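Coordinates in review
Now for the letters of each chain:
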Amino acid sequence: MFNVPEDKFSGLYKRPPEERLAAIASECGLSSDEMAVLRAGGLTIAEADLMRENVIGLYSLPLSVATGFRINGKDYLIPMVGEEPSVVAGASKVAKMAREFGGFTAVSTEPVMIGEISLLKPDPDVAVTVAAHKQDLLKVMNELAPTMSARGGGPRDVWAREYACAHGRCAVVYFSVDVRDAMGANTVNRIAEGLAPAITSLVGGKVVMRILTNLSVKRISRARAQFTDDPEMAKGILFAQSFAENDIFRAVTHNKGIMNGISALALATGNDTRAVEAGAHGYAAYSSFYRPLTKYYIEDGKLIGEIELPLALGTVGSGTSHKAARICLDKILKVKSSQELCNIAAALGLAQNFAAIRALTQEGINKGHMRLHSKTLALMAGATLDEAVRIYEHFRNYDGEVTMSAIKHALDELRKVRR
Ligand code: NAD
């Protein structure tokens, strides 16, 4: 029923890093200069000094690719940056499972961001006045973002809310803007600052703040996949889902698992990880109580997973001009728009969540995690790189507990044999 082509990169994990890079380079058409950028991390000190203040050095993290993803009928290699083991392996494993059932479907709304102008002690009836002058205000906003409008984006709406607080009467004037392929924070902030005088001339009051909200509820992505027809596995996943729906302590960790994937992709593509994380957790609590961002259910005997969350990921602007990020966006992902990138992020988040709860409800997460972590533990115990690789080989199929003392013991044994 599901006539899906085989994943060309199945087994990539078995090859050494240089061979993996060569395989990705050949698939994605990377030049030798681009391969060198990825090997070295993509930034020189001089470039870093242009990005941030008080730069004293560079700080590297592993760049990996998750394999096997089929999203909306297209195959993707997904670049991921992060320090945590098991994450890329988990995503790739689940991508393969979903692939057997046709892969993921994903959809993202238009990339509409929301800005806020916060006012203290305005005249009464701010919401009514703003509604009455909506067209004039949209015209002002259009003049503040002419390039966005020319791209088919631009201002969409303006509205207000009033409330009373300890400081007196307050109002927030909200506006929405389609920011096309940008994350949009600077664009929205520029409009907020430019629009504020027009607002106070209408409703008075003191402007306290003018900035976007990271709770981008008008920029929503959804993904869906079928994962298994094994009733035992499905049962475990449904139990886990139920605990996440009824226990906030579990729900937060459930959602953290989602962000293991999404933040790693955000980082690889030069996006603002904190903005995406804030939006996701805010959305989880948007319906008044904190809830899991994924849900699982049985349909025709098959386990289906779905995710819904706000994603403000750009393919242009700010951090996306980092050389390695551009290679990830243009060559490895080959994404054409912010919406396509957000579709991939949603599918990845769903896969990552499924990987985590599948491991948790089966063998437990720690065993696999610690086996992969054995290389890091070996380095912490004073192993050389070569020794760390051997220690990892030793623990890869190990059934016992991988603790620091087990690692130290294995290192001692290895050194005895080599003496
Ligand atoms: P940006 O300022 O670089 O703006 C995007 C630029 O890309 C604009 O100049 C736009 O004209 C141009 N562009 C070219 N082609 C485009 C296309 N197809 N679609 C849209 N724009 C196109 O970046 P931004 O996205 O406005 O802001 C993102 C940055 O703002 C991030 O670095 C983020 O960390 C930072 N920031 C975040 C917050 C927050 O999240 N609370 C607050 C302030 C700043």
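In this text, all values refer to a predicted model and were calculated from it rather than measured experimentally.

Thresholds, definitions, all that
Residues numbered from 1 in each chain as written. Predicted model: local features only at pLDDT ≥ 70, side-chain atom pairs only at ≥ 80, totals over all residues. Heavy atoms only, no water. Domains from an automatic or database assignment. Salt bridge = Lys/Arg side-chain N within 4 Å of Asp/Glu carboxyl O. Buried < 20%, exposed > 50% of the residue type's maximum accessible area, 1.4 Å probe, protein only. Helix = DSSP H or I, 4+ residues; strand = E, 2+ residues; numbered from the N terminus. Phe/Tyr/Trp six-rings, centres within 6.5 Å; stacked < 30°, edge-to-face > 60°. Near = heavy atom within 4 Å. Polar contact = N/O pair within 3.5 Å; in protein donor to acceptor, adjacent residues only side chain to side chain. Pairing = 2+ DSSP bridges. Axes fitted to C-alpha atoms, helices over the stretch in contact; angles between N-to-C directions. Contact = heavy atoms within 4.5 Å. Parallel < 35°, antiparallel > 145°, perpendicular 65-115°, else oblique. Left-handed = near helix turned anticlockwise from the far one by under 90°. Expected span 1.5 Å × (residues − 1).

The domains assigned to the protein are domain 1 (12–106 + 221–362), domain 2 (112–212) and domain 3 (367–418). If you average the C-alpha positions of domain 1 and of domain 3, the two centres end up 28 Å apart.

On to the pattern of salt bridges, then. Applying the stated criterion to the full structure yields 24 salt bridges. Close ionic contact of Asp178 with Arg180 constitutes a salt bridge, the shortest N to O distance being 2.8 Å. Arg180 shares its class with Asp178; the two are buried. The closest approach of N and O atoms between Glu306 and Lys295, which form a salt bridge, is 3.8 Å. Pair noted here: Glu306 is in strand E10 (residues 302–310) and Lys295 is in strand E9 (residues 294–299), with a separation of eleven residues, a long-range link. Since its relative accessible area comes to 22%, Glu306 is described here as partly exposed. The structure contains a network of salt bridges with shared partners spanning Glu110, Arg156, Asp178 and Arg180.

Scanning the entire structure with this criterion turns up seven aromatic pairs. For the pair Phe227 and Tyr296, a centre-to-centre distance of 6.4 Å together with 50° between the ring planes defines the contact as tilted. Of the two residues, Phe227 is situated in strand E8 (residues 220–228) and Tyr296 in strand E9; the sequence distance between them amounts to 69 residues. Taking the centre distance of 4.2 Å and the plane angle of 15° together, the rings of Phe227 and Phe354 count as stacked. In this pair, Phe227 is assigned in strand E8 and Phe354 in helix H13 (residues 338–361), connecting sequence segments 127 residues apart.

For Asn54, which is not glycine, the phi dihedral falls at a positive 50°. As for its placement among the helices and strands, Asn54 is situated in the loop between helix H3 (45–51) and strand E1 (63–71). Non-glycine residue Asp300 carries a positive phi angle of around 50°. Turning to its location among the elements, Asp300 is positioned in the loop between E9 and E10. By relative accessible area, Asp300 is classed as exposed at 73%.

In the neighbourhood of the ligand, 20 residues make up the surrounding shell, with Gly184, Asn186, Asn214, Asp272 and Ser318 lying closest. One of the backbone nitrogen or oxygen atoms of Met183 is found 3.1 Å away from an oxygen atom of the ligand. Take Asn214: an N or O atom from its side chain is 2.9 Å from an oxygen atom of the ligand. Those elements that provide at least two residues to the shell around the ligand are helix H7 (146–150) and helix H8 (185–203). In terms of residue count, H8 provides more of the shell around the ligand than any other element does, four residues in total.

Now for the sheet that holds strand E7 (residues 206–212). Taken in spatial order, the four strands of this open sheet run E5-E6-E4-E7, and their pairing is antiparallel. A single partner strand is all that each edge strand has here, and the edge strands are strand E5 (154–165) and E7. For this sheet the average axis-to-axis angle between neighbouring strands, irrespective of direction, equals 15°. Across six bridges, the pairing between strand E4 (residues 112–120) and E7 is antiparallel. Residue pairing across strands places Ile117 opposite Arg210, the latter belonging to E7. Across the sheet, H8 is in contact with E4, strand E6 (168–178) and E7; its angle to E4 comes to roughly 40°.

Across the interface, helix H10 (residues 248–268) lies against H13 with an axial gap of 8 Å and an inter-helix angle of 135°. The orientation of H10 relative to H13 falls into the category oblique. In the packing of H10 onto H13, the handedness of the crossing is right-handed. Here Arg250, His254, Gly257, Ile258, Asn260, Gly261, Ile262 and Leu265 of H10 lie close against H13, whose contacting residues are Leu341, Ile344, Ala345, Leu348, Gly349, Gln352, Asn353, Ile357 and Leu360.

Turning our eyes to something else, we now look at helix H4 (residues 87–99). With 13 residues, H4 extends 18 Å from end C-alpha to end C-alpha; this agrees with the ideal 18 Å at 1.5 Å per step. Contacts made by the buried residues of H4 are with E1, strand E2 (74–81), E8, helix H9 (231–246), H10 and H13.

Time to look at the sheet that holds E9. In spatial order, the strands read E3-E8-E10-E9; together these four strands make up an open sheet with antiparallel pairing. Of all the strands in the sheet, the pair left with one neighbour each is strand E3 (105–108) and E9. The mean inter-strand angle of the sheet, taken between neighbouring strand axes irrespective of direction, is 15°. Summarising the sheet, E3 and E8 pair through four bridges and their orientation is antiparallel. Its bridge partner being in E8, Thr105 is matched across the sheet by Arg224.

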